[in-house]
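Observations on the model geometry
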Amino acid sequence: MDVTAIGRALVDLAVPAACGGCGRPGVDWCDSCDDLLCDTPLHVTPRVGLPVAVWAAAHYRDPHRRAVIELKEYRRVDLVRPLSHCLASLLIWMGRHGQIPDRDRLVLVPAPTRVLAARRRGGDPVTRVARAAASLLGDRVTVSPMVRTAATARDSTGLSVDGRIANMADAIHVLGRRAPPPPDAAVVLVDDVLTTGSTCAATIAALAGAGIGIDVVAVIAAA
Ligand SMILES: [Zn+2]
């Protein structure tokens, strides 16, 4: 990186180009988007059947949609803050409404990201948001990144839904060196966006194969 590029990067850090939720210039996150951030969660029924319930903080539209894309694709790490508030308030709501088992501890398992993709993006955004949400929720809540996707998954073209899930489950690696969640913990799989639910289904299947049960899924936005 030359000096000009470093200077430009510093300026970009100091003055966000636009609101990460709506594009309004001059602020990183505007009041209007903040008002929309934490609404009543949605109970989601994904196309792919899951063995556990799925809750989303919002539909996949702005400001959530834009914030997720800006963080993931454009490395707007300042958006970890509003997105983590959103996830934390979703988890609080779920707890209050009996949607998370009432246990002493809560473990958040970020959905898998391709390792290389995460590296290119300067860290896995879902894990960053989960960690920031956990820090808002107190020391009974921890984040355990236990799964990752292999860099080369087989092409799933032409496979049935079940075949795709099986194919994806093969590509999802449960990280053996991680300690499994303690038996007194509720375990929530967290992701940024839920589309068909096949990634969640494959992740739950892969974790089940390693003896780790997921109690419920929480996502920022449901497409
Ligand atoms: Zn905005």
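Residues numbered from 1 in each chain as written. Predicted model: local features only at pLDDT ≥ 70, side-chain atom pairs only at ≥ 80, totals over all residues. Heavy atoms only, no water.

Taking an unreviewed UniProt entry as the reference, the protein is identified by name as Amidophosphoribosyltransferase belonging to Gordonia jinhuaensis.

Those donors, Cys19 (SG), Cys22 (SG), Cys30 (SG) and Cys33 (SG), are the protein atoms that reach the zinc ion, and they lie 2.2 to 2.3 Å from it. For the zinc ion, the four donor atoms in the first shell make angles of 107 to 114° at the metal, a pattern classed as tetrahedral. The exposure class of Cys19 is buried, given its relative accessible area of 1%. (Donors = N, O, S within 2.8 Å, 3.2 Å for Na, K, Ca; no water. Tetrahedral: all angles 85-135°; square planar, octahedral: opposite > 155°, others 65-115°. Buried < 20%, exposed > 50% of the residue type's maximum accessible area, 1.4 Å probe, protein only.)

Here the focus is helix α8 (residues 198-209). Taking 1.5 Å per residue as the helical rise, α8 with its 12 residues ought to reach 16 Å, and the 16 Å between its terminal C-alpha atoms agrees with that figure. Where α8 is buried, its residues contact β3 (105-110), β5 (147-149), α7 (161-171), β6 (172-174), β7 (185-194) and β8 (216-222). (Helix = DSSP H or I, 4+ residues; strand = E, 2+ residues; numbered from the N terminus. Expected span 1.5 Å × (residues − 1). Contact = heavy atoms within 4.5 Å.)

What follows covers helix α3 (residues 64-74). What α3 keeps buried is the set His64, Ala67, Val68, Glu70 and Leu71. When α3 is viewed along its axis, its buried side chains cluster within an angular range of 165° and face the same direction. On its buried face, α3 is in contact with α2 (31-37), β2 (54-59), α4 (80-96), α6 (125-137), β7 and β8. Immediately downstream of α3, the backbone of Arg75 shows phi near 55°, a positive value. (Arc of directions from axis to C-beta.)

A word on the sheet that holds β2. With mixed pairing, six strands are arranged side by side in an open sheet as β1-β2-β8-β7-β3-β4. A strand with exactly one partner marks an edge of an open sheet, and here the two such strands are β1 (42-44) and β4 (141-143). In this sheet, adjacent strand axes meet at a mean angle of 30° when their direction is disregarded. Where β3 and β4 come together, three bridges link them in parallel fashion. If you follow Val107 over to β4, its bridge partner there is Thr142. Its contacts with the sheet put α4 on β2, β3, β7 and β8, and the angle it makes with β8 is roughly 135°. (Pairing = 2+ DSSP bridges. Axes fitted to C-alpha atoms, helices over the stretch in contact; angles between N-to-C directions.)

The next thing to look at is the packing of α7 against α8. Geometrically, a packed helix pair is captured by the angle between its two axes and the distance between the axes. Two numbers describe how α7 lies on α8: the axes approach to 8 Å, and their chain directions differ by 55°. In terms of orientation, α7 and α8 fall into the oblique class. Seen from above, α7 lies across α8 with right-handed handedness. Along the contact surface, α7 presents Ile165, Met168 and Ala169, while α8 presents Ser198, Thr199, Ala201, Ala202 and Ala206. Taken together, the residues of the contact of α7 with α8 sort by class into six nonpolar, two polar and no charged. (Parallel < 35°, antiparallel > 145°, perpendicular 65-115°, else oblique. Left-handed = near helix turned anticlockwise from the far one by under 90°. Nonpolar A, V, L, I, M, F, W, Y, C, P; charged D, E, K, R; others polar.)

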